[in-house]
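Inside the fold
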Amino acid sequence: ARARTMAAEDADGDDLVPDEFFAPKIFLLMLKTAGKQPTPGKNGEATYKFTNIAHSPTFQRVWAQGVIVHRAEDGTAFTLDDSTGPPAEVVVPSTCDVASGGGLRVGAYVSVVATVSPRHSRDAARTRAAHALTAVKVRDLSDDVHREAHWNVEVLEGMKMLELSHHHLAGWVGPPIDS
């Protein structure tokens, strides 16, 4: 007999085990509602959902943008602020893909794809964020004059697309068209 594996699903039929590379675009304020889920990801790492979003995707990574407001002297961490909520601590491991002309300096506007984890206690005094981020990829966007305006639209559009994809998967075809 052939063994068959299936992803765990919740009551709505949503896949509880995320693609380990999926990273919703977020405002840092949204991390306050990132609730840890009981089902680990395919790689065994913790998974999260936004507790205040009806059809939140399950995720392990997020994509955020903001300004570096503090940087560890050794370059292994920085504090990211996007002005929406508490700044987030971002740990930069040696395996992180960093593309930065200015070397992750204070004042740089950066894009970060990072895994989500509980906040590191060593930086609890500097940031009130509920979660820490461990960078997978960092890009310096300081030279892009439209970066913040674009990001605001991208985050909102991304959340709309997630909601629409849920309705599409559930068979929703939209409101009736009046003739």
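Residues numbered from 1 in each chain as written. Predicted model: local features only at pLDDT ≥ 70, side-chain atom pairs only at ≥ 80, totals over all residues. Heavy atoms only, no water.

Assigned secondary structure in the protein chain consists of one helix and eight strands. Shown N-terminal to C-terminal, the secondary structure of the protein chain runs as helices and strands in the order β-β-β-β-β-β-β-β-α. Relative to its full complement of 179 residues, the protein chain shows a buried share of 37%. In the protein chain, once contacts between residues fewer than 6 apart in sequence are set aside, the share between residues at least 24 apart is 62%. Per element, the accessible surface of the protein chain, about 10600 Å² overall, is 54% carbon and sulfur. (Helix = DSSP H or I, 4+ residues; strand = E, 2+ residues; numbered from the N terminus. Buried < 20%, exposed > 50% of the residue type's maximum accessible area, 1.4 Å probe, protein only. Contact = heavy atoms within 4.5 Å. Areas by Shrake-Rupley, 256 points an atom, 1.4 Å probe, with all protein chains shown as cover.)

Our focus in this paragraph is the pairing of strand S7 (residues 109-118). Of all the 10 residues making up S7, eight are buried; the element is thus mostly covered by neighbouring parts of the structure. Two elements, strand S3 (residues 61-71) and S7, share seven bridges in a ladder whose sense is antiparallel. Bridge assignment links Gln65 to a residue of S7, and that residue is Ser111. When S7 meets strand S8 (residues 131-140), the two strands line up antiparallel, connected through nine bridges. From the neighbouring strand, Val116 faces S8, where its bridge partner is Leu133. (Pairing = 2+ DSSP bridges.)

Grouped together as the largest cluster of nonpolar side chains are 31 residues, with contacts concentrated most on Phe78, Leu80, Val110, Val112 and Leu133. Breaking this core down by element, the ones donating at least two residues are strand S2 (47-50), S3, strand S4 (77-81), strand S5 (88-91), S7, S8 and helix H1 (147-169). Leave out the neighbours within four places in its chain, and Leu133 touches Leu28, Leu31, Val62, Ala88, Glu89, Val90, Val91, Ala114, Thr115 and Val116. (Core = buried A, V, L, I, M, F, W, Y, C linked by side-chain atoms within 4.5 Å.)

Here we take up the packing of aromatic side chains. This structure, assessed with the given rule, holds three aromatic pairs. With 4.7 Å between their ring centres and 35° between their planes, Phe50 and Phe59 make a pair best called tilted. In this structure Phe50 comes out as buried when scored by relative accessible area, which is 2%. Chaining the aromatic ring pairs together yields one cluster made of Tyr48, Phe50 and Phe59. Its guanidinium or amino end placed over the ring of Trp63, Lys25 lies 4.7 Å from that ring's centre, counting from NZ or CZ. (Phe/Tyr/Trp six-rings, centres within 6.5 Å; stacked < 30°, edge-to-face > 60°. Lys NZ or Arg CZ within 6 Å of the ring centre and 35° of its normal.)

Moving on to unusual backbone geometry. Phi angles above zero are rare outside glycine, and Ser83 is one such case at about 70°. Summarising the element assignment, Ser83 is placed in the loop between S4 and S5.

Moving on: the side chain of Ser117. Looking at where Ser117 falls in the secondary structure, it is placed in strand S7. A relative accessible area of 17% places Ser117 in the buried class. In contact with Ser117, other than residues within four places in its own chain, are Tyr48, His131, Ala132 and Thr134.

Note on placement: Val110 falls in strand S7. By relative accessible area, which is 0% here, Val110 ends up buried. On a C-alpha basis, the gap between Val110 and Arg147 in space is 9.4 Å, while along the polypeptide they are 37 residues apart. Not counting residues within four places of it along the chain, the set of residues in contact with Val110 comprises Ala64, Gln65, Gly66, Ile68, Phe78, Leu80, Leu104, Val138, Arg139, Asp140 and Leu141.

It is worth spelling out the confidence of the model for the protein chain at this point. A residue-level look at the protein chain finds 72% of positions with pLDDT of 70 or above and a mean pLDDT of 78. Mean pLDDT in the protein chain bottoms out at H1, which sits at 81, and peaks at S3, which reaches 95. Residue range residues 1-18 is modelled with pLDDT below 50. Its contacts to residues more than four positions away, or to other chains, number 26 contacts. (pLDDT = per-residue confidence, 0-100.)

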